[in-house]
Amino acid sequence: MADNEEVDSENGNFDYLMFADIDYSNPHVQEEVIKWGNWYLDNFNLNGFRMDALKHIEFSFIDKFITALRETHPDIYVIGEYWQSNQGVLFDYLEETDYQIDLFDVALHHRFKKAASSWDQFDMGSLLEGSLLQGRPNMAVTFVDNHDSQPGQALESWVDEWFKPIAYAIILLNKSGLPTIFYGDYYGIESIHFKGFRETLDTLLALRRENAYGDQHDYFDHKNCIGYTRTGDDEHPNGLAFIATNGNHAKKRMYVGELHAGEEWIDAMGEIQGSVRIEEDGTGVFKVHSGSMSVWINKEDAEHIEGEADNDEAFEDANYHEPEVTEEVTEEVAEVADAETSEVDAPEEVPADEAEVPAENV
């Protein structure tokens, strides 16, 4: 089985290495596994499967398996784990299986890992490059860490704790992808003395539930400071503005929609003091502390958010430059309502003792 071209070249049929040689090319094996799948769906009221180690199972069988199950259970949802950070390989797998299965965005996880370990030397504007979230957003199951990537595991690739709130905000408030939360990031992992980010995640989940709706405007336009906004929709009109930096304190002008003109917005994460007034053109200048992230929302819509704001003195020395407004920029704002500008200086190195905030204080 190990030389079968329909399994990944890494270890071939991994089941064989685990002393359970399952020959998925055998018609009798295929028939029994399909029976098993239907039996589970019928007897346990399941609505789908998470399929492990896909790279070590014959690709054509996965396609056949899902097709067969959907003949009797047309609405089942299937998530697959193909542990590969190469976007092209993941694209090929999706095509080989006739786009019947969503995949965990391992590529994005590794981008988070690289960004976290590189501090302000990582180009945040390229954070999503090579990910499923960027290339196949409707088939991306996004995550920050999981049971395989945590410390002590064979696939250990733990995202440094200072970066986790940034990464979770990116996947939880995004219009695309199906985000997942790792149990250990929520409840902590006692064996490594990691307390988790329960309060931060609860806030982000509240924001996802109440504010993360409508059009999204991306501002992955600077090497250290990025952001995106959600303008809201008819049923959830409030919207939000997410901003993050791996460098020094920063400010960025972003578009949240003319319907929000005149509103006062505050940092729902409780990091930044004061408010931002949304201007007539639907833009506002949003702030973020060094090595951190903030999520800004309408002050009048903040009842579901708890937390005390930090002081605003850190921004007194942060230079802010308004971009020169040209006729071309004016026309672009009028057409797409998306004034994509960056207003931060080259960041200073983020002190480790400032960025590595203990989980209980996040």
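So, how was this worked out
- Residues numbered from 1 in each chain as written.
- Predicted model: local features only at pLDDT ≥ 70, side-chain atom pairs only at ≥ 80, totals over all residues.
- Heavy atoms only, no water.
- Helix = DSSP H or I, 4+ residues; strand = E, 2+ residues; numbered from the N terminus.
- Buried < 20%, exposed > 50% of the residue type's maximum accessible area, 1.4 Å probe, protein only.
- Areas by Shrake-Rupley, 256 points an atom, 1.4 Å probe, with all protein chains shown as cover.
- Salt bridge = Lys/Arg side-chain N within 4 Å of Asp/Glu carboxyl O.
- Phe/Tyr/Trp six-rings, centres within 6.5 Å; stacked < 30°, edge-to-face > 60°.
- Core = buried A, V, L, I, M, F, W, Y, C linked by side-chain atoms within 4.5 Å.
- Contact = heavy atoms within 4.5 Å.
- Patch = residues over 30% accessible without salt bridge, like charges linked within 9 Å, V, L, I, M, F, W, Y side chains within 5 Å.
- Polar contact = N/O pair within 3.5 Å; in protein donor to acceptor, adjacent residues only side chain to side chain.
- Pairing = 2+ DSSP bridges.
- Axes fitted to C-alpha atoms, helices over the stretch in contact; angles between N-to-C directions.
- Parallel < 35°, antiparallel > 145°, perpendicular 65-115°, else oblique.
- Left-handed = near helix turned anticlockwise from the far one by under 90°.
- Expected span 1.5 Å × (residues − 1).

**Quick word on the overall build of the protein**
Here's step 1: Helix and strand counts for the protein stand at 11 helices and 12 strands.
Here's step 2: For the protein, buried positions account for 51% of its 362 residues.
Here's step 3: Carbon together with sulfur atoms contributes 45% to the accessible area of the protein, which is approximately 17,700 Å² in total.

**As for the pattern of salt bridges**
Here's step 1: With the rule as written, the count across this model stands at nine salt bridges.
Here's step 2: Here Lys 164 and Asp 185 are joined by a salt bridge, their closest N and O atoms 3.0 Å apart. One end of the pair, Lys 164, is in helix α7 (residues 164–172); the other, Asp 185, is in helix α8 (residues 183–187), and 21 residues separate them in sequence. Of the two residues examined, Lys 164 and Asp 185, each falls in the buried class.

**Quick word on the environment of Val 288**
Here's step 1: Mapped onto the fold, Val 288 is located in strand β11 (residues 283–288).
Here's step 2: We classify Val 288 as buried; its relative accessible area is 0%.
Here's step 3: Taking the C-alpha atoms as reference points, Val 288 and Asn 248, separated by 40 residues in sequence, lie 8.8 Å from one another.

**Things to note about the packing of aromatic side chains**
Given two aromatic rings, one states the distance between the centres and the angle between the planes to describe the pair.
Here's step 1: Going through the model one piece at a time under the given rule, you end up with 23 aromatic pairs.
Here's step 2: Ring centres of Trp 39 and Phe 44 lie 5.5 Å apart, and the angle between their planes is 75°; this geometry places the pair in the edge-to-face category.
Here's step 3: Overall, the relative accessible area of 44% leaves Trp 39 in the partly exposed class.
Here's step 4: Among the residues examined, Phe 44 registers a relative accessible area of 47% and is labelled partly exposed.
Here's step 5: For the ring pair Phe 59 and Tyr 93, a centre distance of 4.9 Å and an interplane angle of 85° mean the geometry is edge-to-face.

**Details of the nonpolar core**
Here's step 1: Membership of the largest hydrophobic core comes to 43 residues, with the highest contact counts inside it found for Phe 112, Phe 163, Leu 204 and Phe 242.
Here's step 2: Those elements that place two or more of their residues in this core are α5 (106–118), α7, α9 (198–210), β6 (225–230), β7 (240–245) and β12 (292–298).
Here's step 3: With seven residues, the top contributor of residues to this core is α7.
Here's step 4: In contact with Phe 112, not counting residues within four places along its chain, are Leu 127, Phe 143, Val 144, Val 159, Phe 163, Ala 167, Ile 170 and Ile 171.
Here's step 5: Judged by nonpolar contacts, the second largest core, of 27 residues, contains Ile 34, Leu 54, Ile 101 and Ala 140.

**So, a nonpolar patch on the surface**
Here's step 1: A cluster of nonpolar residues, Trp 39, Phe 44 and Leu 46, forms a patch on the protein surface that exposes about 310 Å² of accessible area.
Here's step 2: For Leu 46, the position within the fold is in the loop between α2 (27–44) and β1 (48–51).

**Topic: the side chain of His 289**
Here's step 1: Among the secondary structure elements, His 289 is positioned in the loop between β11 and β12.
Here's step 2: Engagement of the side chain of His 289 in a polar contact is seen with the side chain of His 249, the distance being 3.3 Å.

**Side note on the sheet that holds strand β9 (residues 264–267)**
Here's step 1: Across the sheet, six strands lie side by side as β5-β6-β7-β12-β9-β10; this open sheet has antiparallel pairing. Edge positions in the open sheet fall to β5 (216–219) and β10 (276–277), since each of these has one partner strand only.
Here's step 2: Pairing geometry for β5 and β6, over four bridges, is antiparallel. By the bridge assignment for β6, His 217 is matched with Thr 229.
Here's step 3: This element, α7, spans β6, β7 and β12 of the sheet and lies at about 145° to β7.
Here's step 4: Running at roughly 40° to β12, α9 makes contact with β7 and β12 of the sheet.

**Focus: the pairing of strand β8 (residues 250–255)**
Here's step 1: Of all six residues in β8, six are buried; the element is thus mostly enclosed.
Here's step 2: What you see with β8 is no split at all: Ala 250, Lys 252 and Met 254 on one side and Lys 251, Arg 253 and Tyr 255 on the other are buried throughout.
Here's step 3: Both β8 and β11 contribute to a ladder of six bridges, which runs antiparallel. The partner of Lys 252 across the bridge, within β11, is Phe 286.

**Some points on the packing of α7 against α9**
When two helices pack together, their arrangement is given by the angle between the helix axes and by the axis-to-axis distance.
Here's step 1: Where α7 meets α9, the closest approach of the two axes is 10 Å, and the angle between their N-to-C directions is 20°. The orientation of α7 with respect to α9, classified from their angle, is roughly parallel. Relative to α9, α7 is oriented so that their crossing is right-handed. Across from Pro 165, Tyr 168, Ala 169, Ile 171 and Leu 172 in α7, the residues of α9 making contact are Thr 200, Leu 201, Leu 204, Leu 205 and Arg 208.

**Here we look at the pairing of β7**
Here's step 1: Burial analysis of β7 places six of its six residues in the buried class, which makes it a mostly covered element.
Here's step 2: Burial of β7 is two-sided: the residues Leu 240, Phe 242 and Ala 244 facing one way and the residues Ala 241, Ile 243 and Thr 245 facing the other way are all buried.
Here's step 3: Here six bridges tie β6 to β7, and the two strands are oriented antiparallel to one another. Its bridge partner being in β7, Gly 227 is matched across the sheet by Ile 243.
Here's step 4: For β7 and β12, the ladder comprises five bridges, and the chain directions are antiparallel. Across the sheet, residue Phe 242 finds its bridge partner in β12, namely Val 295.

**A look at α9**
Here's step 1: For α9, with 13 residues, the first-to-last C-alpha span of 18 Å sits near the 18 Å given by 1.5 Å per residue.
Here's step 2: Looking at the buried positions of α9, the neighbouring elements they touch are α7, α8, β7 and β12.

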